[in-house]
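This is what each chain is made of:
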Amino acid sequence: MLLKTKIRGENLLWLLWYIVGMVPETKSLISWEAEEYTYTPKTKDWYWVVFILTFGLVVVAYFLNNFLFGVFVLIAGFTVALYGAKRPRTVRFAVLAQGIQVDKKIYTFRSLKSFWIHYDPPHKKEVSLVSKKLLVPRITLPLGDTDPNQVREVLIKFLREREHHESMVENLAKYLNF
């Protein structure tokens, strides 16, 4: 026996978005643009530290006769240096009736638990979202020049407001100028 379901117009658009990756045209309740992260220029000393740590761990891998670990350390050191030099791109953020759009990706409100706005200008202006998914537990959206009160007024209609604290990884990244 075949299972028959009726798909309405709006659901069909979202099904196409899910399959093809195309975002259907919807009216945004609020939108803004901001750099995807706060860029901190790295000094030559920072790159020297990365190089020395990488070289030191490769030497340790040599003495342990662990070729695979040595290759992993080289790739990781190279990746850290490249990521440190990468400049942020400008990203478009929007709050829609269905969820939060970050460029072409939409996080539906059904997949999110709560939000919190960290506002300590000029150091920190961002929206923190806690996801129900295990692999992406927290999503951070920079606010740029947007008024955080306007964003809060829109988000509170869809999500619970709950204070989020920075994780150890976020604090470590801030300490290492990432």
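Everything quoted here is computed from the prediction, not taken from an experiment.

Draft legend 1. Spatial organisation of the pattern of salt bridges. If you walk through the whole model with that rule in mind, you get five salt bridges. We note a salt bridge from Asp103 to Arg89, for which the minimum N-O separation is 2.6 Å. Remark: Arg89 occurs in the loop between helix 3 (67-85) and strand 2 (90-96) and Asp103 occurs in the loop between strand 3 (99-102) and strand 4 (105-108); sequence separation between them is 14 residues. Given a relative accessible area of 46%, Arg89 falls into the partly exposed group. In this structure, Glu126 engages Lys124 in a salt bridge whose closest nitrogen and oxygen atoms are separated by 3.5 Å. Of the two residues examined, Glu126 and Lys124, each falls in the buried class. Here the salt bridges share partners, and the residues they tie into one network are Glu36, Lys86, Arg89 and Asp103.

Draft legend 2. Region of the structure containing the packing of aromatic side chains. Evaluated as defined, the whole model comprises seven aromatic pairs. Aromatic pair Phe51 and Phe55: ring centres 6.3 Å apart, planes at 20 degrees, arrangement stacked. One end of the pair, Phe51, and the other, Phe55, are both in helix 2 (residues 44-63), four residues apart, so they sit about a helical turn from each other. Look at Phe51 and you get partly exposed, because its relative accessible area is 48%.

Draft legend 3. Focus on the environment of Ile100. Note on placement: Ile100 falls in strand 3. For the pair Ile100 and Leu112, spaced 12 residues apart in the sequence, the C-alpha separation amounts to 9.6 Å. When near neighbours in sequence (up to four residues on either side) are disregarded, Ile100 contacts Ala94, Val95, Lys105, Ile106, Tyr107, Phe109, Leu112, Leu129, Leu141 and Leu155.

Draft legend 4. Region of the structure containing a nonpolar patch on the surface. A surface patch of nonpolar side chains, amounting to about 870 Å² of accessible area, comprises Trp48, Phe51, Ile52, Phe55, Val59, Tyr62 and Phe63. Judged by its relative accessible area of 52%, Phe55 is exposed.

Draft legend 5. Geometry of the pairing of strand 2. For strand 2, a buried count of five out of seven residues is recorded, marking the element as mostly surrounded by other parts of the structure. With seven bridges connecting them, strand 1 (residues 28-35) and strand 2 associate as antiparallel partners. Within strand 2, the residue paired with Ser31 across the bridge is Ala94. Here strand 2 runs beside strand 3; their pairing, made up of three bridges, is antiparallel. Bridge pairing in strand 3 links Phe93 to Val102. Counting the residues that bridge the hairpin from strand 2 to strand 3 gives two residues.

Draft legend 6. Seen up close, the sheet that holds strand 4. With respect to topology, four strands assemble into an open sheet ordered 1-2-3-4, the strand pairing being antiparallel. Across the chains shown, the open sheet's two edge strands, defined by having one partner strand only, are strand 1 and strand 4. Averaged over all adjacent pairs, the angle separating strand axes in this sheet is 20 degrees, with direction ignored. Across the sheet, helix 4 (residues 148-155) is in contact with strand 1, strand 2 and strand 3; its angle to strand 1 comes to roughly 135 degrees.

What counts as what
- Residues numbered from 1 in each chain as written.
- Predicted model: local features only at pLDDT ≥ 70, side-chain atom pairs only at ≥ 80, totals over all residues.
- Heavy atoms only, no water.
- Salt bridge = Lys/Arg side-chain N within 4 Å of Asp/Glu carboxyl O.
- Helix = DSSP H or I, 4+ residues; strand = E, 2+ residues; numbered from the N terminus.
- Buried < 20%, exposed > 50% of the residue type's maximum accessible area, 1.4 Å probe, protein only.
- Phe/Tyr/Trp six-rings, centres within 6.5 Å; stacked < 30°, edge-to-face > 60°.
- Contact = heavy atoms within 4.5 Å.
- Patch = residues over 30% accessible without salt bridge, like charges linked within 9 Å, V, L, I, M, F, W, Y side chains within 5 Å.
- Areas by Shrake-Rupley, 256 points an atom, 1.4 Å probe, with all protein chains shown as cover.
- Pairing = 2+ DSSP bridges.
- Axes fitted to C-alpha atoms, helices over the stretch in contact; angles between N-to-C directions.

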